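Results of the structural survey
Each chain, written out:
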Amino acid sequence: MTKWEYVTVPLIVHATKQILDQWGEDGYELVQVVPGPDNNGLVAYLKRPKA
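For clarity, every value in this text was computed on a predicted model and none was experimentally measured.

So, on to the nonpolar core. In this structure, V7, V9, L11, A15, I19, Y28, A44 and L46 together form the largest nonpolar core, which totals eight residues. Secondary structure elements with two or more residues in this core: β1 (4-11) and β3 (42-49). If one sorts the elements of this core by residue count, β1 sits on top with three residues. In contact with V7, other than residues within four places in its own chain, are W23, Y28, A44, Y45 and L46.

Here is the structure:
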């Protein structure tokens, strides 16, 4: 069974693609994007298989 490692990342509107590309280079896959605390910005949830 695959074990997963998760991370939450705040997304900056003007750099969303660069942020997600960097995490993708590190092996993470985007799971979901949700509004941040108090509906301030966005937060991405990412996962990758544990080594």
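It is worth spelling out a nonpolar patch on the surface at this point. Together, W4, Y6, V31 and Y45 give the surface a local cluster of nonpolar side chains, amounting to about 420 Å² of exposed area. Mapped onto the elements of the fold, Y45 is located in strand β3. Residue classification places Y45 among the partly exposed positions, given a relative accessible area of 38%.

Reading guide: rules and limits
- Residues numbered from 1 in each chain as written.
- Predicted model: local features only at pLDDT ≥ 70, side-chain atom pairs only at ≥ 80, totals over all residues.
- Heavy atoms only, no water.
- Core = buried A, V, L, I, M, F, W, Y, C linked by side-chain atoms within 4.5 Å.
- Buried < 20%, exposed > 50% of the residue type's maximum accessible area, 1.4 Å probe, protein only.
- Helix = DSSP H or I, 4+ residues; strand = E, 2+ residues; numbered from the N terminus.
- Contact = heavy atoms within 4.5 Å.
- Patch = residues over 30% accessible without salt bridge, like charges linked within 9 Å, V, L, I, M, F, W, Y side chains within 5 Å.
- Areas by Shrake-Rupley, 256 points an atom, 1.4 Å probe, with all protein chains shown as cover.
- Salt bridge = Lys/Arg side-chain N within 4 Å of Asp/Glu carboxyl O.

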